[in-house]
Amino acid sequence: MTFSDFFKKNTIGILVCIVIGMPAYLLGIKFPIIGGPVFAILTGMTVSLCIKDKTALQKGISFTSKKILQYAVILLGFGMNISAILAKGVQSLPIIISTISASLIAAFVFSKLFRIPGKTATLIGVGSSICGGSAIAAAAPVIDANDEEIAQAISVIFLFNIIAALIFPTIGTAIGMTNEGFGLFAGTAVNDTSSVTAAASAWDGIHGSNTLQDAAIVKLTRTLAIIPITLVLAIIRMKHEKNTSGSSFNFVKIFPWFILWFLCASVITTVCNLKPSVTDPLKWLSRFFIIMAMAAIGLNTDIVSLVKKGSKPIFLGFLCWICIITASLVLQHMLHIW
């Protein structure tokens, strides 16, 4: 396809996603506890109800929901100075590994028990345990999840993000957590960066501390788990496809190559020690690309169907969330951190 053909087929749909994304981004700044991606996906679903024929938009919408979502993950790597993160985040690794394992195991077991579709359960488990929308964005193309499955997972993650940001400072105070302990708790048991920031900032306001930086470092350390998790998901899918088709499956077709570019971006940031003046615009573009992609996913999602199917995924998200909270608190108590 020539650039001219690409431009003709995709421009209108991409522009619609940008138009939805801009106010969603501003609303996300105004209400960080909700975040721009959630505003974008809700607006997209609402706008979709008003559009009778999306034929002219569909190519651009699909490109945004798939390719631009992957570009967002790649650009996310420019916010990851690996050496700096691991130097400060190594203490949290046992807790991070435990919470991720607890969430993924819970998602697998309870999805079988309650007959929840595997892809939706995987996205909820990954999003709950790693970093919310960014992890879902990374995992979705690897498992070939559709837009409705992504929207379902994002909606579930959003719900428990808000609850966590509102109640975690109170829980931490009630059980007598130290500032260090709450930083680890917020960084390991809250999903999205904006909600981690909201919870840690509320704690700092109550206790006059500076846990926000510690919570953010733990959160970034969790984000690195995107790399091994997506690779494992790709291997699982390859084996499943092979067993289903009865013949060999081309691993190259499903390998998450964009994750390698994410890793390259992280390595470049680390080795070159890129300054904030370079990385900040790229991180901003990553956030806006995610918002655009969520707008596209909203445009491709049937809100009525989403609501009808919502109870079981929400319950699964709740169970994953409880397992993460329990794992984080129990391990901290065992390690005498709080």
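One can find the structure itself at the top, above this paragraph.
The structure presented is a predicted model; accordingly, all values stated were derived computationally and were not measured. (Residues numbered from 1 in each chain as written. Predicted model: local features only at pLDDT ≥ 70, side-chain atom pairs only at ≥ 80, totals over all residues. Heavy atoms only, no water.)

Draft legend 1. View of the overall build of the protein. Along the backbone of the protein there are 17 helices and zero strands. Taken over the C-alpha trace, the protein has a radius of gyration of 20 Å; the compact-globule value for 338 residues is 20 Å, and the two agree within 12%. The principal-axis extent of the C-alpha atoms belonging to the protein is close to 60 × 50 × 40 Å. Restricting the contact set of the protein to residue pairs at least 6 apart, pairs at least 24 apart contribute 83%. Here the protein has roughly 15700 Å² of accessible surface; of this, 70% comes from carbon and sulfur atoms. (Helix = DSSP H or I, 4+ residues; strand = E, 2+ residues; numbered from the N terminus. Rg over C-alpha atoms; globule rule 2.2 N^0.38 Å. Contact = heavy atoms within 4.5 Å. Areas by Shrake-Rupley, 256 points an atom, 1.4 Å probe, with all protein chains shown as cover.)

Draft legend 2. View of the pattern of salt bridges. Applying the stated criterion to the full structure yields one salt bridge. The shortest N-O distance in the salt bridge between Lys283 and Asp280 comes to 3.5 Å. Of the two residues, Lys283 and Asp280 both sit in helix H15 (residues 276-299), three residues apart, roughly one turn of that helix. Assessed through its relative accessible area of 30%, Lys283 is described here as partly exposed. (Salt bridge = Lys/Arg side-chain N within 4 Å of Asp/Glu carboxyl O. Buried < 20%, exposed > 50% of the residue type's maximum accessible area, 1.4 Å probe, protein only.)

Draft legend 3. Molecular detail of helix H7 (residues 133-143). Of all eleven residues making up H7, ten are buried, and the element is well covered by its neighbours. Burial in H7 covers these residues: Gly133, Ser134, Ala135, Ile136, Ala137, Ala138, Ala139, Ala140, Val142 and Ile143. Once H7 ends, the next one or two residues include Asp144, with phi positive near 60 degrees.

Draft legend 4. Summary view of the environment of Phe110. Within the fold, Phe110 resides in helix H5 (residues 93-113). Looking at Phe110, the relative accessible area reads 22%, which means it is partly exposed. As for Phe110 and Gly35, which are separated by 75 residues in sequence, their C-alpha atoms are 28 Å apart.

Draft legend 5. Focus on the nonpolar core. Ranked by size, the top nonpolar core spans 95 residues in total, and within it Leu123, Ile130, Ile150, Phe168, Phe182, Phe185 and Met294 carry the most contacts. No other element matches the eleven residues that H15 contributes to this core. With residues near it in sequence (within four places) discarded, Met294 still touches Pro37, Ala40, Ile41, Leu69 and Ile154. (Core = buried A, V, L, I, M, F, W, Y, C linked by side-chain atoms within 4.5 Å.)

Draft legend 6. Broad picture of the side chain of Ser195. Along the chain, Ser195 falls in helix H10 (residues 193-207). Using a relative accessible area of 1% as the deciding quantity, one classes Ser195 as buried. Once residues within four sequence positions are removed from consideration, Ser195 is found in contact with Ile33, Asn161, Ala165 and Val190.

Draft legend 7. Broad picture of the packing of aromatic side chains. Throughout the structure, instances matching the rule amount to 13 aromatic pairs. Note on Phe114 and Phe315: the rings are 5.3 Å apart at their centroids and 75 degrees apart in plane angle, and the pair reads as edge-to-face. Taken together, the positions of Phe114 in the loop between H5 and helix H6 (118-129) and Phe315 in helix H17 (residues 311-334) put the pair 201 residues apart, joining distant regions of the chain. Within the aromatic cluster, the residues linked to one another by ring pairs are Phe160, Phe168, Phe182, Phe185, Trp203, Phe318 and Trp321. (Phe/Tyr/Trp six-rings, centres within 6.5 Å; stacked < 30°, edge-to-face > 60°.)

Draft legend 8. Structural context of unusual backbone geometry. Even without glycine at this site, Asn273 takes up a positive phi of about 50 degrees. The class of Asn273 is exposed, set by a relative accessible area of 54%. The phi angle at His336 is positive, at roughly 60 degrees, despite the residue not being glycine. Relative to the assigned elements, His336 resides in the segment after H17.

Draft legend 9. Local environment of the packing of helix H9 (residues 179-189) against H17. Remark: H9 packs on H17, axes separated minimally by 10 Å, with the N-to-C direction vectors making an angle of 150 degrees. The pairing of H9 with H17 is recorded here as roughly antiparallel in orientation. Our pair here, H9 against H17, has a crossing hand that is right-handed. Contact with H9, carried on its side by Gly181, Leu184, Phe185, Thr188 and Ala189, involves Trp321, Ile324, Ile325, Ser328, Leu329 and Gln332 of H17 and no other residues of that element. Class assignment of the residues belonging to the contact of H9 with H17 gives a composition of seven nonpolar, four polar and no charged. (Axes fitted to C-alpha atoms, helices over the stretch in contact; angles between N-to-C directions. Parallel < 35°, antiparallel > 145°, perpendicular 65-115°, else oblique. Left-handed = near helix turned anticlockwise from the far one by under 90°. Nonpolar A, V, L, I, M, F, W, Y, C, P; charged D, E, K, R; others polar.)

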